[in-house]
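# Survey of secondary and tertiary structure
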Amino acid sequence: MKEVQYAIVDIETTGGNASGSRITEIAIIIHNGKKVMDRFETLVNPQKEIPLPIFALTGINNEMVRDAPIFDDIAEQVLQMLEGRIFVAHNVNFDYSFVRHELERSGLKWTARKLCTVRAARKIRPGFSSYSLGNLCVSLDIPVENRHRAGGDADATVILFTRLLQWDHEGEIAKMIKNTAQDQRLPPNLPPSDFEQLPEKPGVYYFYDQQKK
């Protein structure tokens, strides 16, 4: 059987919405379920100002990204690292939506099966009061450096993911990955292709039933 590989991803951004914000830093760590195989990390010039609240959270300022590559410059490398691998992140839909949006801006189409370490942790280790990455690191004694930076958070997610694999005696992770052959955000009978055709801009939307009413 072909070895299953995971791309564990963390990003920093200029804001919370993929359509209106940009990536300022990305880290991708390739994992084969047992150990780390490869790693990529870089600051990214978002081609727009970094808001002060974001700087306060991440420590990334406009000066730091001025000479960094724009996403177009790294898009091919990012795609190469993600293709054929399961996309893993803490609150996966946030990172996935940004990476996919940035790749589309660069003219590259990409989709992947996803695994959310928040959801996996809730299934495999229930009972914690908080499943934020920072609080899980405290609860599980996971060392974390450079919190709220892509590399530091990705490293912590790798440790969390590795432990979840070891603790997963009921096969929860395999079930979650199988379920996300469709999109985690979508009801099971809504085709992803229909969802992808929806516009991302505000407006007036009309929903019709089978009788066109």
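Everything numeric in this text was worked out from a predicted model, so none of it was measured.

Conventions used here
Residues numbered from 1 in each chain as written. Predicted model: local features only at pLDDT ≥ 70, side-chain atom pairs only at ≥ 80, totals over all residues. Heavy atoms only, no water. Helix = DSSP H or I, 4+ residues; strand = E, 2+ residues; numbered from the N terminus. Rg over C-alpha atoms; globule rule 2.2 N^0.38 Å. Buried < 20%, exposed > 50% of the residue type's maximum accessible area, 1.4 Å probe, protein only. Contact = heavy atoms within 4.5 Å. Areas by Shrake-Rupley, 256 points an atom, 1.4 Å probe, with all protein chains shown as cover. Lys, Arg positive; Asp, Glu negative; His and termini not counted. Charge placed at Lys NZ, Arg CZ, Asp CG, Glu CD. Pairing = 2+ DSSP bridges. Axes fitted to C-alpha atoms, helices over the stretch in contact; angles between N-to-C directions. Arc of directions from axis to C-beta. 1 Å grid on protein atoms, 1.4 Å probe; cavity = no way out; pocket = protein on both sides within 12 Å on 5 of 7 lines; lining within 4 Å. Points joined across faces, edges and corners; volume = space filled by probe spheres on them. Nonpolar A, V, L, I, M, F, W, Y, C, P; charged D, E, K, R; others polar. Core = buried A, V, L, I, M, F, W, Y, C linked by side-chain atoms within 4.5 Å. Parallel < 35°, antiparallel > 145°, perpendicular 65-115°, else oblique. Left-handed = near helix turned anticlockwise from the far one by under 90°. Expected span 1.5 Å × (residues − 1).

### Regarding the overall build of the protein
From N to C terminus, the protein includes nine helices and five strands. In terms of overall dimensions, the protein is globule-like: its C-alpha atoms have a radius of gyration of 18 Å, near the 17 Å expected for 213 residues. Taking all 213 residues of the protein together, 44% fall into the buried category. Restricting the contact set of the protein to residue pairs at least 6 apart, pairs at least 24 apart contribute 63%. Working note: accessible area of the protein is about 12,200 Å², and carbon and sulfur atoms make up 50% of it. Considering the protein, the positive charge centre built from 26 side chains and the negative charge centre built from 28 side chains are found 7 Å apart.

### Overview of the sheet that holds strand 4 (residues 86–89)
On the basis of which strands lie adjacent, the open sheet formed by five strands has the order 3-2-1-4-5 and mixed pairing. On the outer flanks of this sheet lie strand 3 (36–43) and strand 5 (114–116), each paired with one strand and no other. The sheet shows a mean angle of 20 degrees between the axes of neighbouring strands, taken without regard to direction. One ladder, built from seven bridges, connects strand 2 (residues 23–31) with strand 3; its direction is antiparallel. Residue pairing in the sheet places Ala27 in a bridge with Glu41 of strand 3.

### A word on helix 5 (residues 117–124)
Regarding helix 5, the residues found buried are Thr117, Val118, Ala120, Ala121 and Ile124. Axial view of helix 5: buried residues confined to an arc of 165 degrees, hence all on one face. Contact partners of the buried residues in helix 5: strand 4, strand 5, helix 6 (133–139), helix 7 (150–167) and helix 8 (172–179).

### Concerning the layout of surface pockets
One number sums up the size of the second largest pocket: a volume of about 350 Å³. Asp10, Ile11, Phe94, His148 and Asp153 are, among the 16 residues lining the second largest pocket, the residues nearest its centre. Residue assignment for the lining of the second largest pocket shows that the elements contributing at least two residues are strand 1 (6–13), helix 1 (52–58) and helix 4 (92–105). In terms of residue class, the lining of the second largest pocket is built from five nonpolar, six polar and five charged.

### Regarding the nonpolar core
Counting residues in each nonpolar core, the largest one holds 55 residues, and the members touching the most others are Ile26, Ile28, Val78, Leu82, Phe87, Val99 and Leu103. In this structure Val78 touches Ile26, Ile28, Phe40, Phe71, Val99 and Leu103, once residues within four positions along its chain are discounted.

### Description of the packing of helix 3 (residues 71–82) against helix 4
Helices that pack against each other are described as a pair by the angle of their axes relative to one another and the distance between those axes. The interhelical angle for the contact between helix 3 and helix 4, taken along N-to-C directions, is 120 degrees, at an axis separation of 9 Å. Regarding the angle of helix 3 to helix 4, the classification is oblique. Crossing angle aside, the handedness with which helix 3 passes helix 4 is left-handed. In this structure, helix 3 uses Phe71, Asp72, Ala75, Val78, Leu79 and Leu82 to contact helix 4, whose residues at the interface are Val99, Glu102, Leu103 and Arg105. Looking at the contact of helix 3 with helix 4, its residues break down into seven nonpolar, no polar and three charged.

### Concerning helix 4
End to end, helix 4 covers 20 Å across 14 residues, agreeing with the expected 20 Å (1.5 Å per residue, within 8%). Among the residues of helix 4, those classed as buried are Val92, Asp95, Tyr96, Phe98, Val99, Arg100, His101, Glu102 and Leu103. A positive backbone phi angle near 80 degrees is found at Gly107, which sits one or two residues after helix 4.

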